[in-house]
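# Close look at the chain arrangement
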Amino acid sequence: MYCSINDCWGKWECNGLWEWRKSVESWFQELSEEGVDLKVTFSDMSIEKGESVAFAKCAITFSAYAQSSSEKLRQITNRFTFGLCKMNESWQIVHEHSSLPIDPATGKGMFHLKNV
């Protein structure tokens, strides 16, 4: 199965599950080395489903907490869309897209628009 991932961090796209896995493992390794626990929350979820294709969209907030003190260090919220196909009676994510609104004055991502 082919999987295409469009994310906000460092690369335009990850092609295939192996490339996506390497990217996520690297991120978790960096958090571990920094001494950070990650809390992930989902909001604004909606799902549209057909017989064999579905789309889910939501906002996902990633909050980093210091392991030593439980102090919140930082937080970002990204918009996500997942495309799924039903294969052998099981839903599989075949496409994921993550985005942020862009500030037209600076051209930079607006990370702190939504607080959880």
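Keep in mind it's a predicted model, so treat the numbers as computed, not measured.

### Some thoughts on the packing of aromatic side chains
Throughout the structure, instances matching the rule amount to four aromatic pairs. A ring pair is formed by Trp 27 and Phe 28, whose centres lie 5.2 Å apart and whose planes are at 35°; its orientation type is tilted. Of the residues examined, Trp 27 reaches a relative accessible area of 34% and is grouped as partly exposed. For Phe 28, a relative accessible area of 44% corresponds to the partly exposed category. Three or more aromatic residues joined by ring pairs make a cluster, and in this case those are Trp 27, Phe 28, Phe 62, Phe 80 and Phe 82.

### Quick look at helix H1 (residues 17–34)
Its 18 residues place the ends of H1 26 Å apart at the C-alpha level, agreeing with the 26 Å of an ideal helix rising 1.5 Å per residue. At the C-terminal side of H1, Gly 35 shows a positive phi close to 75°.

### Quick word on the pattern of salt bridges
Pairs can form between side chains of opposite charge once their charged atoms are near each other. Under the counting rule described, the total for this entry stands at three salt bridges. Across the salt bridge formed by Arg 21 and Glu 25, the nearest N and O atoms sit 2.8 Å from each other. Taken together, the residues Arg 21 and Glu 25, both in helix H1 and four residues apart, mark about one turn of the helix. Residue Glu 25 is classed as partly exposed on the basis of its relative accessible area, which comes to 40%.

### What to know about the nonpolar core
Residues Ala 54, Ala 56, Cys 58, Ile 60, Phe 62, Ile 76, Phe 80, Phe 82 and Leu 84 constitute the largest nonpolar core, which totals nine residues. Looking at this core element by element, the count peaks at five residues for strand E4 (residues 53–66). Once residues within four sequence positions are removed from consideration, Cys 58 is found in contact with Phe 42, Ser 43, Asp 44, Met 45, Asn 78, Arg 79, Phe 80 and Phe 82.

Calculation rules
Residues numbered from 1 in each chain as written. Predicted model: local features only at pLDDT ≥ 70, side-chain atom pairs only at ≥ 80, totals over all residues. Heavy atoms only, no water. Phe/Tyr/Trp six-rings, centres within 6.5 Å; stacked < 30°, edge-to-face > 60°. Buried < 20%, exposed > 50% of the residue type's maximum accessible area, 1.4 Å probe, protein only. Helix = DSSP H or I, 4+ residues; strand = E, 2+ residues; numbered from the N terminus. Expected span 1.5 Å × (residues − 1). Salt bridge = Lys/Arg side-chain N within 4 Å of Asp/Glu carboxyl O. Core = buried A, V, L, I, M, F, W, Y, C linked by side-chain atoms within 4.5 Å. Contact = heavy atoms within 4.5 Å.

Keep in mind these numbers describe shape, not what the thing actually does.
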